[in-house]
Amino acid sequence: MKKRVVITGMGVVHSLGLNIDDFWGAIKKGKSGISLLTKFDTTNYDAKVASSISNFEPTDYIDKKEAKRMDAFTQYALAAAKMAMEMSGLNMENEDSFRSGVIIGSGIGGIQTLEDQHQVLATKGPGRVSPFFITSMIANMAAARIAIEYNLQGFNECVITACASGNNAIGDAFKVIQRGDADIMVTGGAESAITPLSFAGFCSNKAFTTNPDPATACRPFDIDRDGFVMGEGAGVLVIEELEHALKRDAVILGEIAGYGCTCDAYHITAPHPDGIAGIRSMQMAIADAGIQPEDIGYINAHGTSTPLNDVSETRVIKGAFGDHAKKLAVSSTKSMTGHLLGAAGAVEAIITALALRDRFVPPTINLVNQDPECDLDYVANKGRSEDIKYALSNALGFGGHNAAIILKKYVS
């Protein structure tokens, strides 16, 4: 029999808030975390905006000496994990460390460290490259550092599936517990890719918006959308086997009920025209949860604000849900958060869980002129109260990765 898996802790690092309450409060109000990019000179860049974190102090969460040996994406992950662990109330001295694990996704890893150390190599020579270069850059370090911090000696891995990484990490961690291989998993995603080289690459492949106005740059499902806005940060969840959580009287925030994962096997960036793999991933998640499509009340869409994605995802939702698609509330919270790449699914899973808990569907802001090809209910501009029992969070990544997770309002 499949074990039930519940959420007992959450942590987030984002421009909209460095804790769950501030972040969720901003999302409910429809606030945007997008601003003009000031981390580096964008004069020669086509894109001018990002959802960039400016008030994060790593030593509030991490030892100063160790923080210097980490890329920002690892710092964000550790900070979010600390919040999630504190919320969960877990005391790891009372737990079996080999039944406690970590899966953290990152699409890019420590690219700022890579850029910085390449500059050192070019200007000062190989002897001056940091001995901590490799262990700061490699993408598994967020998962490794969290495990070291909390003595989590069980199942541990790093998922890298581009913008589906966060959902895949959570889905895989869910499966580890569901099949009985762990009692506790710390899972989510972290990203810090707002760097000169990364930004130039996305500008060159024309994925970014060229709209310089932060207030209107990210507009999923709007006819005037022209590309995505990059974000950064981390989202981390503590998930547990239900009976384990109940035995320690944990506060249960929500339940993970289903997971589906497929690949388009079609193109390195473009979605498949018929969307069959995206449809299948949602169908797999629904089947895994043991429910019907009509049981889903809300979808947190991938919704990147790119011309191809929004039309394709709309088509895929209609393919998976049929007539019920028109009755669904669908929103893209990337309109407020920007696109956090490998951390997107994790942050959006947190939003989805809170939407279920608080009976509130967050909005898609900046949706003024809805694209006729995007013809669903996208909860335009203002969130609304809605009592939903199941919600689905979608994530799609370069390379054709599709990952869908289903969350459920916890009922004892």
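Model, not experiment: these values are computed from the prediction.

A. Looking closely at the side chain of Ser331. If you trace the backbone, Ser331 turns up in strand 10 (residues 329–331). Of the residues examined, Ser331 reaches a relative accessible area of 0% and is grouped as buried. A distance of 3.0 Å separates a polar atom in the side chain of Ser331 from the backbone oxygen of Pro362. The residues touching Ser331, leaving out its near neighbours within four places in the chain, are Tyr298, Ile299, Asn300, Ala301, Pro362, Pro363, Thr364, Tyr378 and Val379.

B. Looking closely at the pattern of salt bridges. For the structure shown, the criterion picks out 21 salt bridges. A salt bridge links Asp288 to Lys175, with the shortest nitrogen-to-oxygen separation between them at 2.8 Å. With Asp288 in helix 10 (residues 276–289) and Lys175 in helix 7 (residues 165–178), this pair connects stretches of sequence that are 113 residues apart. Assessed through its relative accessible area of 12%, Asp288 is described here as buried. Several salt bridges share partner residues, and in doing so they unite Lys2, Lys175 and Asp288 into one network.

C. Structural detail: the packing of aromatic side chains. On inspection of all chains with the given rule, the structure shows 11 aromatic pairs. Their ring planes at 85° and their centres at 6.4 Å tell us that Trp24 and Phe360 sit as a pair that is edge-to-face. Of this pair, Trp24 sits in helix 1 (residues 20–28) while Phe360 sits in strand 11 (residues 360–361), placing them 336 residues apart in sequence. Overall, Trp24 belongs to the buried group, its relative accessible area being 5%.

D. Representation of the sheet that holds strand 13 (residues 390–397). Read from one edge of the open sheet, 10 strands run 5-4-6-7-1-8-14-13-9-10, paired in mixed fashion. Both edges of this open sheet fall to strand 5 (156–159) and strand 10, since each of them pairs with a single strand only. Along the sheet, successive strands turn relative to each other by an average axial angle of 25°, direction set aside. In terms of strand pairing, strand 8 (residues 254–263) meets strand 14 (residues 401–408) through 8 bridges, oriented antiparallel. The residue bridging Ile256 from the neighbouring strand is Leu407, located in strand 14. Of the strands in this sheet, strand 8, strand 13 and strand 14 touch helix 10, which is tilted by about 145° from strand 8. Where helix 11 (residues 307–321) meets the sheet, it contacts strand 9 (296–300), strand 10 and strand 13, and its direction lies at approximately 135° from that of strand 13.

E. Expanded view of the packing of helix 10 against helix 11. The interhelical angle for the contact between helix 10 and helix 11, taken along N-to-C directions, is 45°, at an axis separation of 8 Å. Relative to helix 11, the element helix 10 lies oblique. Taken as a pair, helix 10 and helix 11 cross one another with a handedness that is right-handed. For the pair helix 10 and helix 11, the contacting residues are Gly278, Ile279, Met282, Gln283 and Ile286 in the first and Val316, Ile317, Gly319, Ala320 and Phe321 in the second. Broken down by class, the residue content of the contact of helix 10 with helix 11 amounts to 7 nonpolar, 3 polar and no charged.

F. The side chain of His324, seen in detail. Following the sequence through the fold, His324 ends up in the loop between helix 11 and strand 10. Here His324 falls in the buried class, since its relative accessible area comes to 12%. Residues contacting His324, with those up to four places away along its chain left out, are Pro293, Glu294 and Ile296.

G. Main features of helix 4 (residues 111–124). Its 14 residues give helix 4 an end-to-end C-alpha distance of 20 Å, which sits within 8% of 20 Å, the value for a rise of 1.5 Å per residue. Looking at helix 4, one finds that the buried residues are Ile111, Thr113, Glu115, Gln117 and Val120. The inward-facing, buried residues of helix 4 contact helix 5 (133–137) and helix 8 (196–204). In the stretch just after helix 4, Gly125 is the one whose phi turns positive, near 100°.

H. Region of the structure containing the pairing of strand 14. Burial analysis of strand 14 places 6 of its 8 residues in the buried class, which makes it a mostly covered element. Pairing between strand 13 and strand 14: 8 bridges, direction antiparallel. Counterpart to Asn394 in the pairing with strand 14 is Ala404. From the end of strand 13 to the start of strand 14, which pair antiparallel, there are 3 residues, and Gly399 there has a positive phi angle of about 95°.

I. Local environment of the nonpolar core. Judged by nonpolar contacts, the single largest core of 51 residues is most densely connected at Ile7, Met10, Met185 and Ile239. When residues in this core are grouped by element, the largest group, 10 residues, is from helix 13 (residues 344–358). Dropping the residues within four chain positions of it, Ile239 is found in contact with Val5, Val6, Ile7, Ala173, Phe174, Ile177, Asp183, Ile184, Met185, Thr187 and Ile256. One finds Tyr76, Ile184, Ala234 and Val238 within the second-largest nonpolar core, a separate group that totals 33 residues.

J. Fine view of helix 11. With 15 residues, helix 11 extends 22 Å from end C-alpha to end C-alpha; this agrees with the ideal 21 Å at 1.5 Å per step. What helix 11 keeps buried is the set Asn309, Asp310, Val311, Ser312, Glu313, Thr314, Val316, Ile317, Ala320 and Phe321. Looking at the buried side of helix 11, the elements it contacts are helix 10, strand 9, strand 10 and strand 13. Residue Gly322 follows helix 11 closely and has a positive phi angle near 60°.

Reading the values: rules and limits
Residues numbered from 1 in each chain as written. Predicted model: local features only at pLDDT ≥ 70, side-chain atom pairs only at ≥ 80, totals over all residues. Heavy atoms only, no water. Helix = DSSP H or I, 4+ residues; strand = E, 2+ residues; numbered from the N terminus. Buried < 20%, exposed > 50% of the residue type's maximum accessible area, 1.4 Å probe, protein only. Polar contact = N/O pair within 3.5 Å; in protein donor to acceptor, adjacent residues only side chain to side chain. Contact = heavy atoms within 4.5 Å. Salt bridge = Lys/Arg side-chain N within 4 Å of Asp/Glu carboxyl O. Phe/Tyr/Trp six-rings, centres within 6.5 Å; stacked < 30°, edge-to-face > 60°. Pairing = 2+ DSSP bridges. Axes fitted to C-alpha atoms, helices over the stretch in contact; angles between N-to-C directions. Parallel < 35°, antiparallel > 145°, perpendicular 65-115°, else oblique. Left-handed = near helix turned anticlockwise from the far one by under 90°. Nonpolar A, V, L, I, M, F, W, Y, C, P; charged D, E, K, R; others polar. Expected span 1.5 Å × (residues − 1). Core = buried A, V, L, I, M, F, W, Y, C linked by side-chain atoms within 4.5 Å.

Just geometry here; none of it tells us what the structure is for.
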